[in-house]
Amino acid sequence: MIISLIKLLDRDLLRLKREIEAYKTEDLLWVTPGEISNSAGNLCLHLMGNLNHYIGAQLGNTGYERNRPVEFSDKNVPRAELIEKIEATRLMLPTVLNTLTPDHLASNHTEEYNNGQDTNEYFLIHTYGHFNYHLGQINYHRRLTAN
């Protein structure tokens with residue numbers, strides 16, 4: 001499962017990078033048209049925070065310190081900085097995920113998620129689904145703001 005998850009996350013982080021690069025102007029990354037509550041830039045920050053917190057810090061002891069409110073309140077972060085965060089996350093994920101043993105995957109994740117009721121394996125699959133949910137939102141946002 002770990003090899004597949006690494007391949008899928010890397011593929012989809014590259015998709016996220018292409019989405020961010022595809023915005024015609026940087027300011028469009030931060031637009032929230034109509035009833036859309038989160039900009040693509042904020043969703044990108046949120047995804048990087050989520051992966052670096054739950055996988056990097058909690059499973060890999062990377063020392064990453066998350067500030068979730070800032071993921072949604074920061075504005076006008078340069079596109080180059082978003083891409084740097086994506087690339088750094090691409091490097092972190094296989095480093096951490098390749099250290100996980102079957103026993104680690106079978107043990108319960110931290111109390112922070114669902115009171116520790118689910119295994120790390122379940123949580124990693126959940127995290128992948130969460131990533132793609134927001135990736136789809138970013139794709140829709142980009143197409144919506146392109147007009």
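Report follows, based on the coordinates. (Residues numbered from 1 in each chain as written. Predicted model: local features only at pLDDT ≥ 70, side-chain atom pairs only at ≥ 80, totals over all residues. Heavy atoms only, no water.)

## Quick look at the packing of helix α1 (residues 2-22) against helix α4 (residues 79-97)
Their axes nearest at 10 Å, the elements α1 and α4 cross at an angle of 175 degrees. With respect to each other, α1 and α4 are oriented roughly antiparallel. Of the residues in α4, those in contact with I2, L5, I6, L9, D10, L13, L14, L16, K17, I20, E21 and A22 of α1 are R79, L82, I83, I86, E87, T89, R90, L93, P94 and L97. Taken together, the residues of the contact of α1 with α4 sort by class into 15 nonpolar, 1 polar and 6 charged. (Axes fitted to C-alpha atoms, helices over the stretch in contact; angles between N-to-C directions. Helix = DSSP H or I, 4+ residues; strand = E, 2+ residues; numbered from the N terminus. Parallel < 35°, antiparallel > 145°, perpendicular 65-115°, else oblique. Contact = heavy atoms within 4.5 Å. Nonpolar A, V, L, I, M, F, W, Y, C, P; charged D, E, K, R; others polar.)

## A word on unusual backbone geometry
A positive phi angle, close to 50 degrees, is found at N61, a residue other than glycine. Tracing the backbone through its elements, the reader meets N61 in the loop between α2 (40-60) and α3 (68-73). Unlike most non-glycine residues, N76 shows phi in positive territory, near 60 degrees. Its place among the elements puts N76 in the loop between α3 and α4.

## Let's talk about α2
In α2, a bend of some 30 degrees at N52 exceeds every other bend along the element. The element α2 is largely enclosed, with a buried count of 20 among its 21 residues. (Bend = angle between axes of the 7 residues up to and from the residue. Buried < 20%, exposed > 50% of the residue type's maximum accessible area, 1.4 Å probe, protein only.)

## Some thoughts on the environment of L51
Among the structural elements, L51 can be located in helix α2. On the basis of relative accessible area, L51 is assigned to the buried category, the value being 1%. Sequence separation of L51 and H130 is 79 residues, and the distance between their C-alpha atoms is 10.0 Å. Not counting chain neighbours up to four residues away, the residues in contact with L51 comprise L9, L13, G56, T89, M92, L93, T127 and F131.

## Thoughts on the nonpolar core
Core analysis: the largest hydrophobic core is formed by 35 residues, its most contacted members being L16, I55, L97 and L124. Only α1, α2, α4 and α6 (120-145) provide two or more residues apiece to this core. At 9 residues, the largest contribution of residues to this core is made by α2. When near neighbours in sequence (up to four residues on either side) are disregarded, L16 contacts C44, L47, M48, I86, F131, L135 and I138. (Core = buried A, V, L, I, M, F, W, Y, C linked by side-chain atoms within 4.5 Å.)

It is worth stressing that arrangement in space is one thing and function is another; only the former is reported here.
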